[in-house]
Amino acid sequence: LDLAAQSLSVETCGALGQLLPGAAPFAELALGDCGLSEEGVKLLLRGLCSNTTVKSLDLKGNNLRTVGAEALGKLLRQNKSIRSLILEWNNLGMWEEGFSFFCHGLGANSVLQQLDLRNNQISHQGARELAMALRQNTSLQELDLRWNNIGLLGGRALLNCLHSNKILRRLELAGNNIPSDILKAVEQAMDHNQDRQTILSETQNRAYVLSKEVSSLKNEKTKQFLDMMDTIDKQREEIARSSRMSAARVSQLQEALNEQHSIMNSLKAKLQMTEAALALSEQKVQNLGELLNAAKREQTSMAERHFTELQQHKQEGADRESKLLHDLSVASEKNLLLRNQVDELEKKCKVQQDQLFQVKQDLTNTRAELKLQVVQMEERLETEKRRFKQSLEDVESLRVKEVDHMAQHMEASERSMQDRIRRLEAIRIALEQELSQVKASALAERGQAEEELIKVRSQMRLEEQQRLEHLEEKLRLMTESRDEAQNCCLKQKQTVAEAQAKANQLSLQADGLRRRLEELQQDLNAKEEEKVTEVNKVKVELQEQIGHLQAERTAQDGLREKIAALERQLKAVSNNFREALLDKEGEISMLLEKLRVKEADISRMREEEAQRAGFLQNAIMAYVQASPLGAHSPRR
């Protein structure tokens, strides 16, 4: 809003003052050369105290004095938006009290950047007040004090305040009767402030760039950490899968062992059945022997010769029976040995199960160790992130290279793990095929054994029936012969001949029984050999399974070694990072020491310049006092 060179009354100023509080629709307000009265200035500045949009205020040429200075001081204390204030061609410095109030407001302000106080009749006292305000102010960058009455003392006060104020960039002091050396010192201070501001801006820009780089590095690190966590999760899933596969294999092996145990139990039952059948046959043989003994006792009176022969046959039969009993005892001992072997196999299976349980425990321990290592790595990453805030571009390049190397190494390890998993799957398929073949062979052998047992049982039943029928016939004939011997003593010769024929037949029958017993023994031996072969096959299969388990265990040991190697590499990388960080911190400390040395040199130069200026001032004052002008001045 431009109202310059227009006469404004108090009413219009009051109306403007009422419009200005809050958010006005303009950012600049120009009221130069408007001839404002003190009341109008009060109303305007009161409205601007709470304004938030006006950034520039121009009040030049309005003859502002004490009331205007006080109102401006209040405005500077309360307003938080005005950046530029032009007060050229006013009379703010004529009254020290009003100007001191204005200076206090300027010292409390933290927003104003440009202030124009040209031609305001500011004396050396006003310059001192301004110097005090500049020591407190933290935002003013440009100050124009040309064409005032500051003088030597005011110039010294302003020069002294510049030692504490490092923000003021431009200070104009022309036309104030200030010596040239003070003006040069002020210019040098301004140059120093400008250099410092440029250095600060550069450092802020660098800090901003470094903060961006650190944030990008943090994002990259988080991404890398997430990738590492994904790879670790994948490895865990693969380990879980392998453990599940191993558990499935163990269950399959246990099922095969259970099937083999069931087969052994069925074979044991078959052996018991055969033993029972043999016991029945022995009982039948004993009964037949008793019948034969009774028949012989009855015929002792008839034929003593035949009685002696029958006794010899009985002795031979007893010997054969003892041999058969001995063979049966040997077979039972073999069965006991087989049972012991089966128990040993069960113990071995239990040992293998314990080994598998230990392997599972080792896997759980390795998982826990990996989790602990992941937590430690997270903590290390957090510490490294805190230390990487002051790192530079060299650290970034090293970091990128090492991350690429780690990614390549992890990819190679993942490929090796996939190859091992494929090999294990091929081994599993081969084992399943072998198990299916063994099951098929066991089923076939079981069917054959059952068929042979059924055949043997049918043959034994037929033979026993035939024997019973034959013995019944013999008994009937013997009874008939006894009746005939009692009735007819004359036919003893014929009966003796018939008895001899019957004895021959009985001997033939006994020979047939012996042959059948021998055949049964051969069958039993063949079955025992088959059992032995089956047990050997089971042993071989168990040994193969043990070898596979040992191979898996060696593979797990290799994985553990690789994990240890990766941990060593991570430790080496962390040590390298720490060394690089320490080197960078040393460089930063050296740079900071250099900066401190330079600042000390600058302060020393300033002190020397101040001393020189003081010496020059003293010399000038001595010269002035010694000159005739200085001698006449006190008279005036």
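Cut-off values and rules
- Residues numbered from 1 in each chain as written.
- Predicted model: local features only at pLDDT ≥ 70, side-chain atom pairs only at ≥ 80, totals over all residues.
- Heavy atoms only, no water.
- Helix = DSSP H or I, 4+ residues; strand = E, 2+ residues; numbered from the N terminus.
- Buried < 20%, exposed > 50% of the residue type's maximum accessible area, 1.4 Å probe, protein only.
- Contact = heavy atoms within 4.5 Å.
- Polar contact = N/O pair within 3.5 Å; in protein donor to acceptor, adjacent residues only side chain to side chain.
- Salt bridge = Lys/Arg side-chain N within 4 Å of Asp/Glu carboxyl O.
- Axes fitted to C-alpha atoms, helices over the stretch in contact; angles between N-to-C directions.
- Parallel < 35°, antiparallel > 145°, perpendicular 65-115°, else oblique.
- Left-handed = near helix turned anticlockwise from the far one by under 90°.
- Nonpolar A, V, L, I, M, F, W, Y, C, P; charged D, E, K, R; others polar.
- Patch = residues over 30% accessible without salt bridge, like charges linked within 9 Å, V, L, I, M, F, W, Y side chains within 5 Å.
- Areas by Shrake-Rupley, 256 points an atom, 1.4 Å probe, with all protein chains shown as cover.
- Arc of directions from axis to C-beta.
- Core = buried A, V, L, I, M, F, W, Y, C linked by side-chain atoms within 4.5 Å.
- Pairing = 2+ DSSP bridges.
- pLDDT = per-residue confidence, 0-100.
- Expected span 1.5 Å × (residues − 1).

Our next topic: the overall build of the protein. When helices and strands are counted, the protein shows eleven helices and six strands. Here the protein holds 636 residues, and the buried ones make up 31% of them. For the protein, restricting intrachain contacts to residue pairs at least 6 apart in sequence, the fraction spanning at least 24 positions comes to 87%.

Turning our eyes to something else, we now look at the side chain of Asn-90. Looking at the secondary structure, you find Asn-90 in the loop between β3 (84-86) and α4 (96-108). Side-chain polar atoms of Asn-90 contact the backbone nitrogen of Asn-63, separated by 2.9 Å. One polar contact links the side chain of Asn-90 to the main-chain carbonyl oxygen of Leu-87, over a distance of 3.1 Å. Excluding its chain neighbours within four sequence positions, the residues that come into contact with Asn-90 are Leu-59, Lys-60, Gly-61, Asn-62, Asn-63, Leu-64, Asn-119 and Asn-120.

What follows covers the pattern of salt bridges. Two side chains of opposite charge can pair, provided their charged atoms sit close to one another. Per the counting criterion, the structure on display carries twelve salt bridges. A salt bridge links Asp-144 to Arg-146; the shortest N-O distance between them is 2.8 Å. The buried category is assigned to Asp-144, whose relative accessible area is 5%. Among the salt bridges present, the one from Asp-557 reaches Arg-560, with a minimum N-O distance of 3.8 Å. A residue pair is termed a helical-turn pair when its members lie 3 or 4 positions apart in one helix, as Asp-557 and Arg-560 do in helix α10 (residues 492-626) at three residues.

Here α4 crosses helix α5 (residues 124-136) at 15°, and the two axes come no closer than 8 Å. Classified by the angle their axes make, α4 and α5 are roughly parallel. The chirality of how α4 crosses α5 is right-handed. Contacts from Glu-96, Phe-99, Ser-100, Cys-103, His-104, Leu-106 and Gly-107 of α4 reach α5 at Gln-125, Gly-126, Glu-129, Leu-130, Ala-133 and Gln-136. Per-class residue counts for the contact of α4 with α5 are five nonpolar, six polar and two charged.

Let us now look at a nonpolar patch on the surface. A cluster of nonpolar side chains, namely Leu-616, Ile-620, Tyr-623 and Val-624, defines an oily patch on the protein surface of about 410 Å² accessible area. Among the structural elements, Ile-620 can be located in helix α10.

The subject of this paragraph is the side chain of Asn-148. With respect to the secondary-structure elements, Asn-148 resides in the loop between β5 (142-144) and α6 (151-161). A polar contact is formed between the side chain of Asn-148 and the backbone nitrogen of Asn-120, at a distance of 2.8 Å. A distance of 3.4 Å separates a polar side-chain atom of Asn-148 from the backbone oxygen of Arg-146. For Asn-148, the residues in contact, after removing those within four places along its chain, are Leu-117, Arg-118, Asn-119, Asn-120, Gln-121, Ile-122, Gly-175 and Asn-176.

Before going further, it helps to spend a moment on helix α2 (residues 38-48). Those residues of α2 that fall on the buried side of the exposure criterion are Gly-40, Val-41, Leu-44, Leu-45, Gly-47 and Leu-48. On an axial view of α2, the arc spanned by its buried residues comes to 155°, and they lie on one face. Opposite the buried face of α2, at more than 90 degrees from it, the exposed residues are Glu-39 and Arg-46.

This part is about the nonpolar core. Core analysis: the biggest nonpolar cluster contains 56 residues, and Leu-87, Phe-102, Leu-115, Leu-117 and Leu-145 have the highest contact counts within it. Within the residue set of this core, elements represented by two or more residues are α1 (10-19), α2, α3 (66-78), α4, α5, α6 and α7 (180-298). Leu-257, Met-264, Leu-267 and Val-538 belong to the second largest nonpolar core, which has nine residues in total.

Turning our attention to the sheet that holds strand β4 (residues 114-116). Ordered in space as β1-β2-β3-β4-β5-β6, the six strands form an open sheet in which the pairing is parallel. The strands lining the two open edges of the sheet, one partner per strand, are β1 (28-30) and β6 (170-172). The average angle at which neighbouring strand axes cross in this sheet is 0°, direction not considered. Pairing of β4 with β5 involves three bridges; the strand directions are parallel. By the bridge assignment, Gln-114 is partnered in β5 with Glu-142.

The subject of this paragraph is the packing of α5 against α6. Where α5 contacts α6, the axes come no closer than 8 Å and their chain directions differ by 5°. One finds that α5 runs roughly parallel with respect to α6. Where α5 approaches α6, its residues His-124, Ala-127, Arg-128, Leu-130, Ala-131, Leu-134 and Arg-135 are matched on the opposing element by Leu-153, Gly-154, Ala-157, Leu-158, Asn-160 and Cys-161. Considered class by class, the residues forming the contact of α5 with α6 number eight nonpolar, three polar and two charged.

Low-pLDDT portions of the prediction should not be read for the details of their coordinates. Summary statistics for the protein give a mean pLDDT of 80 and a share of 90% for residues scoring 70 or more. In the predicted structure, residues 629-636 sits below a pLDDT of 50 and forms three contacts with residues beyond four places in sequence or in another chain.

So, about α5. Side chains three or four residues apart in an α-helix point the same way, a direct result of the helix having 3.6 residues per turn. The first and last C-alpha atoms of α5 sit 19 Å apart over 13 residues, in line with the 18 Å expected at 1.5 Å per residue. Among the residues of α5, those classed as buried are Gly-126, Ala-127, Leu-130, Ala-131, Ala-133 and Leu-134. Around the axis of α5, the buried residues are gathered within 165° of arc, so they sit on the same side. Here the buried face of α5 lies against α4, β5 and α6.

The phi angle at Asn-119 is positive, at roughly 55°, despite the residue not being glycine. Mapped onto the elements, Asn-119 comes out in the loop between β4 and α5. Not every positive phi belongs to a glycine, and Gln-121 is a case in point at roughly 55°. When you line up the elements, Gln-121 lands in the loop between β4 and α5.

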